[in-house]
Amino acid sequence: MSKHELPALPFVFDALEPYMDAKTVEIHWGKHHKTYVDKLNLALEKYSDLFDKTIEDLLIDLNAVPVDIRNAVRNFGGGHANHSLFWKILSPKKTKCSGKIADALNKTFGNFEEFKKQFSDKSLALFGSGWVWLVVDLKTKNLEIISTLNQDSPLSLGKKPILVIDLWEHAYYLKYQNRRNEFIESWWNLVNWNKVEELFSL
Ligand code: MN3
């Protein structure tokens, strides 16, 4: 049994400059993400046997979580899992979409540029705070672009996330203010396609 922990960043704070500034990364990870982890642990204290479950297992079956902490697990647990993936698929080094994921994207969307356009359009159109994802539907095995609001996780919808952009204002406001389109365009430079391929192939 162990509490959930804030995962170490796979890069230093200023590694994603100029696309994502050091201050934003520091606050986003060290304050926002950390708060989700802390509040998740606090909620689970009442049902400490749930510390045996991974955050993924908790989110896959929210109905198995006691009703009085279900919303806390959905929000804070979702926040923890979503951010953990968000950091994992960012890289200071430019990578190229290739291999199996490139083939699958071509098959589903026609070509990479069309995928990128649909993903960016959905990110721009999202109203309020939330996330846009590339997921594998666990039943059909198809790739899909979906959005979720607040800290909802695709895991709770029967989908496996392999790529994600955080569209809460805290993810970009310091550098981009209201220019969400510029943040989205910059974010593409940071995607770690090697990691996406790895998640896709699991
Ligand atoms: Mn965030």
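Small disclaimer: the values here were computed from a predicted structure and weren't measured.

Participant: I keep staring at the packing of aromatic side chains and nothing clicks. Help me out?
Facilitator: In this description, an aromatic ring pair is defined by two values, namely the gap between the centres and the angle between the planes. A complete count under the given rule lists 16 aromatic pairs for this structure. Ring geometry for phenylalanine 11 versus tryptophan 87: centroids 6.5 Å apart, planes at 70 degrees, classification edge-to-face. Highlighted residues: phenylalanine 11 in the segment before α1 (22-44) and tryptophan 87 in helix α3 (residues 67-88), separated in sequence by 76 residues. Across the pair, exposure class does not vary: phenylalanine 11 and tryptophan 87 are buried alike.

Participant: Sorry, what's going on with the coordination of the manganese ion here?
Facilitator: Each pair of donors in an ideal octahedron of six around a metal sits at 90 or 180 degrees, and each pair in an ideal tetrahedron of four sits at 109.5 degrees. Distances from the manganese ion to its protein donors, His28 (NE2), His83 (NE2), Asp166 (OD) and His170 (NE2), fall at 1.9 to 2.2 Å. When the donor residues of the manganese ion are listed from N- to C-terminus, their spacing reads H-x54-H-x82-D-x3-H. Taken together, the positions of histidine 28 in helix α1 and aspartate 166 in strand β3 (residues 159-166) put the pair 138 residues apart, joining distant regions of the chain. We classify histidine 28 as buried; its relative accessible area is 1%.

Participant: Which parts of the structure should I look at to understand the packing of helix α5 (residues 112-125) against helix α7 (residues 180-187)?
Facilitator: Two quantities define a packed helix pair, namely the angle between the helix axes and the distance between the axes. Where α5 contacts α7, the two axes come as close as 10 Å, and the packing angle between them is 145 degrees. Our pair here, α5 against α7, has a crossing hand that is right-handed. When α5 is examined against α7, the residues Lys116, Phe119, Ser120, Ser123 and Leu124 are found in contact with a partner set consisting of Arg180, Asn181, Ile184, Glu185 and Trp187.

Participant: Explain unusual backbone geometry here, please?
Facilitator: A cis amide bond, omega 0 degrees, links glutamate 17 with the succeeding residue proline 18. Here proline 18 lies in the segment before α1. Of note in the backbone geometry, lysine 141 takes a positive phi value of approximately 70 degrees without being a glycine. Within the fold, lysine 141 resides in the loop between β1 (130-137) and β2 (143-149). Judged by its relative accessible area of 58%, lysine 141 falls in the exposed class. Unusually for a residue other than glycine, asparagine 150 sits at a positive phi of about 55 degrees. Its location among the elements puts asparagine 150 in the loop between β2 and β3.

Participant: Explanation requested: α7 in the structure shown.
Facilitator: Within an α-helix, residues lying three or four positions from one another point in the same direction, as the helix has 3.6 residues per turn. Of all the residues in α7, the buried ones are Arg180, Phe183, Ile184, Ser186 and Trp187. Angularly, the buried residues of α7 cover 165 degrees about the axis, an arc narrow enough to put them on a single face. Those residues of α7 that are buried are in contact with α3, α5, β3 and α6 (173-176).

Participant: Teacher, can you tell me more about the domain arrangement of the chain here?
Facilitator: Interfaces are often sized by the amount of accessible area the parts lose when they come together. Domain annotation of the chain identifies domain 1 (21-88) and domain 2 (99-201). Using C-alpha coordinates to define each centre, domain 1 is positioned 20 Å away from domain 2. Facing 20 residues of domain 1, the contacting portion of domain 2 comprises 22 residues. Between domain 1 and domain 2, the buried area comes to about 1700 Å², and carbon and sulfur atoms account for 63% of it. When the buried area of domain 1 at its contact with domain 2 is split by residue, Asn82, Leu85 and Phe86 rank highest and sum to 33% of it. Put simply, domain 1 and domain 2 have one salt bridge between them. Arginine 74 is the salt-bridge partner of aspartate 152, the closest N and O atoms lying 2.8 Å from each other. Put simply, domain 1 and domain 2 have eight residue pairs in polar contact (both at pLDDT 80 or more) between them.

Participant: Could you clarify how one ought to interpret helix α8 (residues 193-201) in this entry?
Facilitator: For α8, the complete set of buried residues consists of Trp193, Val196, Glu197 and Leu199. For α8, the arc enclosing every buried residue in end-on projection is 165 degrees, short of the 170-degree limit, so these residues lie on one face. On its buried side, α8 packs onto α3, α4 (99-109), α5 and β3. At the N-terminal boundary of α8, the capping side chain belongs to asparagine 192, with an oxygen 3.2 Å from the backbone nitrogen of asparagine 194.

Rules used in this analysis
- Residues numbered from 1 in each chain as written.
- Predicted model: local features only at pLDDT ≥ 70, side-chain atom pairs only at ≥ 80, totals over all residues.
- Heavy atoms only, no water.
- Phe/Tyr/Trp six-rings, centres within 6.5 Å; stacked < 30°, edge-to-face > 60°.
- Helix = DSSP H or I, 4+ residues; strand = E, 2+ residues; numbered from the N terminus.
- Buried < 20%, exposed > 50% of the residue type's maximum accessible area, 1.4 Å probe, protein only.
- Donors = N, O, S within 2.8 Å, 3.2 Å for Na, K, Ca; no water.
- Axes fitted to C-alpha atoms, helices over the stretch in contact; angles between N-to-C directions.
- Left-handed = near helix turned anticlockwise from the far one by under 90°.
- Contact = heavy atoms within 4.5 Å.
- Arc of directions from axis to C-beta.
- Domains from an automatic or database assignment.
- Buried area = accessible area lost by both parts, 1.4 Å probe.
- Salt bridge = Lys/Arg side-chain N within 4 Å of Asp/Glu carboxyl O.
- Polar contact = N/O pair within 3.5 Å; in protein donor to acceptor, adjacent residues only side chain to side chain.

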